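# Remarks on the overall topology
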Amino acid sequence: MLVLVAPGQGSQTPGFLTEWLELPGAADRVAAWSDAIGLDLAHYGTKADADEIRDTAVAQPLLVAAGLLSASALGDIDPGAVAGHSVGEITAAALAGVLDDAAALSLVRKRGLAMADAAAITETGMAALLGGDPEVTVPHLEKLGLTPANINGGGQIVAAGTMEQIAALEADKPEGVRRVVPLKVAGAFHTHHMGPAVETLAEAAKALAPADPKVAYVSNKDGKAVASGAEVLERLVGQVANPVRWDLCMETFKELGVTALVELCPGGTLTGLAKRALPGVKTLALKTPADLDAARELIAEHAA
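Below you will find a few notes about this structure. Since the structure is predicted, the reported quantities are computational estimates derived from the model, not experimental observations.

Cut-offs applied
Residues numbered from 1 in each chain as written. Predicted model: local features only at pLDDT ≥ 70, side-chain atom pairs only at ≥ 80, totals over all residues. Heavy atoms only, no water. Helix = DSSP H or I, 4+ residues; strand = E, 2+ residues; numbered from the N terminus. Rg over C-alpha atoms; globule rule 2.2 N^0.38 Å. Buried < 20%, exposed > 50% of the residue type's maximum accessible area, 1.4 Å probe, protein only. Lys, Arg positive; Asp, Glu negative; His and termini not counted. Charge placed at Lys NZ, Arg CZ, Asp CG, Glu CD. Salt bridge = Lys/Arg side-chain N within 4 Å of Asp/Glu carboxyl O. Pairing = 2+ DSSP bridges. Right-handed = clockwise from strand over helix to strand, strands pointing away.

## Looking at the overall build of the protein chain
Each helix and strand in the protein chain was counted, giving 13 helices and 11 strands. Since a compact globule built from 304 residues should have a radius of gyration of about 19 Å, the 18 Å found for the protein chain is in line with a globular shape. Over its C-alpha atoms, taken along the principal directions, the protein chain stretches across nearly 50 × 45 × 35 Å. Counting only residues that meet the buried cut, the protein chain has 54% of its 304 residues in that class. Side chains of the protein chain give 23 positive and 37 negative charges; the mean places of these two sets differ by 3 Å.

## Some details on the pattern of salt bridges
By the definition in use, this model includes 10 salt bridges. Lys-143 serves as the salt-bridge partner of Asp-172, at 4.0 Å between the closest nitrogen and oxygen. Remark: Lys-143 occurs in helix 7 (residues 134-143) and Asp-172 occurs in the loop between helix 8 (163-171) and strand 6 (177-182); sequence separation between them is 29 residues. Each member of the salt-bridge network shares a partner with another, and the members are Asp-222, Glu-231 and Arg-235.

## Quick word on the pairing of strand 11 (residues 282-285)
Bridge analysis of strand 10 (residues 260-263) against strand 11 gives four bridges, and the strand direction is parallel. Bridge assignment links Val-262 to a residue of strand 11, and that residue is Leu-284. In terms of handedness, the path from strand 10 via helix 12 (residues 269-277) over to strand 11 forms a crossover that is right-handed.

## Focus on the pairing of strand 3 (residues 124-131)
For strand 3, the tally of buried residues reaches six of eight residues, placing the bulk of the element in the interior. Of the strand pairs in this sheet, strand 3 and strand 5 (residues 156-162) are connected by six bridges, and their pairing is antiparallel. Within strand 5, the residue paired with Gly-125 across the bridge is Gly-161. Two elements, strand 3 and strand 6, share five bridges in a ladder whose sense is antiparallel. Paired with Leu-129 across the strands is Val-180, a residue of strand 6.

## Details of unusual backbone geometry
The omega torsion of the bond from Cys-265 to Pro-266 falls at -5 degrees, within 30 degrees of zero and hence cis. Looking at the secondary structure, you find Pro-266 in the loop between strand 10 and helix 12. The phi dihedral of Ser-86 is positive, around 60 degrees, even though this residue is not glycine. Even without being glycine, His-190 reaches a positive phi, approximately 65 degrees. Relative to the helices and strands, His-190 resides in the loop between strand 6 and helix 9 (195-205).

All quantities given are derived from atomic positions and should not be read as evidence of function.
Here it is in structure tokens:
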């Protein structure tokens, strides 16, 4: 059984879309998406520097576009399940048929802008914790007023809150944590600080007509497979201000009997987590079009 997964914010690097745009029809498709959402995706995916693509309002639609483009390059595939990390959930919703590509790009553009606006209200940030036991780390974060915004499995946790709270964490690490590494992000995503963005997205979602997923859609909220398109959309809205439970998503992959995992462009992060948490599951990350043939072979062996 195959699961297709889409990475989240932070996985983008300068120029990562360049080779993908050389595929037949890709440049025209991205140009049409760019016109539709008012953002030059080709420029940001090929010529922009790291600071430009770190901008939340840019990074999010760029990542969804890259995921959709790389998925279409794989051809007609039949995964048993799909999932995405944070903004990657919008890519997964399109792959599952809940939203069409146009609706997915429109929604993620509004998401990125709304989260950037919410982040500007208070100076907030995020930090990765290296080492430690989640049972010890999570209560310690909550004591400091921080949110475990990403619980990624394999002991990997990302904390989020105000810059003062991040500084307090650096000075008072949980037992077993070796280092606290501040992340270069614009705000405390997946926390209550994103409340205004939830309101904006909820309003935007009213204009959408989601279909029920055609394959198992595994949600970041609790790792559950969601069968209703309306519920997928509701979760996409609420997810902005709630923690990402990628650890529970991977537990569901186990329960579903997943034997192979392919991570869409720009792949790498989620396959790394899977190698630690899902022993025996074959993994492949789509980084450039040179990875497509190997991905197709893996898909042929493991797709439903």
